[in-house]
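# Architecture and fold: a report
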There are 2 protein chains.
Amino acid sequence: MTISEVSKRCNISPDTLRYYEKVGLLSDVNRTAGGIRDYTEQDCAQIEFVKCMRSAGLSIEILRKYFELFKRGKRTLKARRELLATERKALQGRLEELQDTLKRLDYKISVYDKAIASKDKELKF
Amino acid sequence: MTISEVSKRCNISPDTLRYYEKVGLLSDVNRTAGGIRDYTEQDCAQIEFVKCMRSAGLSIEILRKYFELFKRGKRTLKARRELLATERKALQGRLEELQDTLKRLDYKISVYDKAIASKDKELKF
DNA sequence: GTATCAGTTTGAGTTAACTCCAAGTCAAGC
DNA sequence: GCTTGACTTGGAGTTAACTCAAACTGATAC
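Please read these numbers as outputs of a predicted model, since none were measured by experiment.

## Observations regarding the state of the cysteines
Residue and element names in this part refer to chain B. Overall, the coordinates contain zero disulfides over all chains when judged by the stated rule. A disulfide-free cysteine, Cys44 has its sulfur positioned 4.6 Å from the sulfur of Cys10, the nearest such atom. In this structure Cys44 comes out as buried when scored by relative accessible area, which is 2%.

Right, dumping it as structure tokens:
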């Protein structure tokens, strides 16, 4: 698969794909004789993983560490498991915070609905 | 309240408080005769609101717009309500995405646990 | 009455994560 | 054999949201 095919499929710009590779989120992408990247299904799956984790707020630095551990082989299985567990915990924390904020927004919107219904009474902020 | 008191109470640096004020997330903070900021409880509540919304991913720009509408008075009640509703929707979307990612992380961690238990079999990434 | 300290302003610097650009290469079509 | 178009690289530029620095001021402690 060429970079533009992967770009379309994963909805990530070619520049970002090259950037991810450069910073170590995608190692040893195959090249054609002419030096052009030739992504495998495996690569795509990994890119999807990165995309998913990035959108959940995991930093490039953390993902870089994860794949660096990966390259060191089986003996880092536990370390990788712990890294993921740590990030999972943080994610759960963010999730709970967001849930609270969602409730707060719902409440605020309901206050607005009341103010609008009752002849435009103003609120504090 | 001085800036350092608010800073401690809200756990936001004085620099950030001044920055928020400068970009319009906090208008007309009182000053002492000597020109020093003197925050009210109201100001604090607003700062907490900003902090909460920021941590939920609302941009400074969106919050700036919200408070700008606020300054224009009662006739912007509906517009503010709509702005909040839009952000609420986006937040809910992010929340759902994060929930999926949490599940994915849980699954991946369980795969690691299996690999670690079964004599260190390696995974794909 | 001067040293200290918490505040002030303006403007520059930082960080993460891209995103863009220029100059070059290679394979395919005509 | 030349043009075209998709790719390559290295490095510079961008954006959001702070964060820091320098020079200054006003009130309190001694």
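## Quick word on the interface of chain B and chain A
The partner chain A presents 45 residues to the 45 residues of chain B that form the contact. Buried area between chain B and chain A, both sides added, is near 4600 Å², and the carbon and sulfur share of it is 72%. Ranking the residues of chain B by area buried against chain A places Leu77(B), Leu98(B) and Phe125(B) at the top, with a combined share of 15%. At the surface where chain B touches chain A, the tally comes to six salt bridges. Residue Arg88(B) pairs with Asp106(A) through a salt bridge whose shortest N-O separation is 2.5 Å. In this structure, the connection of chain B to chain A is made through 14 residue pairs in polar contact (both at pLDDT 80 or more). Elements represented by at least two residues in the side of chain B that touches chain A include exactly α3 (41–55), α4 (60–71) and α5 (77–117) of chain B. Broken down by element, the side of chain B that touches chain A gets its largest block of residues, 25 residues, from α5(B). Its residues placed into classes, the side of chain B that touches chain A shows 22 nonpolar, seven polar and 16 charged.

Reading the values: rules and limits
- Residues numbered from 1 in each chain as written.
- Chains lettered and ligands numbered in written order.
- Predicted model: local features only at pLDDT ≥ 70, side-chain atom pairs only at ≥ 80, totals over all residues.
- Heavy atoms only, no water.
- Disulfide = S-S within 2.5 Å.
- Buried < 20%, exposed > 50% of the residue type's maximum accessible area, 1.4 Å probe, protein only.
- Contact = heavy atoms within 4.5 Å.
- Buried area = accessible area lost by both parts, 1.4 Å probe.
- Salt bridge = Lys/Arg side-chain N within 4 Å of Asp/Glu carboxyl O.
- Polar contact = N/O pair within 3.5 Å; in protein donor to acceptor, adjacent residues only side chain to side chain.
- Helix = DSSP H or I, 4+ residues; strand = E, 2+ residues; numbered from the N terminus.
- Nonpolar A, V, L, I, M, F, W, Y, C, P; charged D, E, K, R; others polar.

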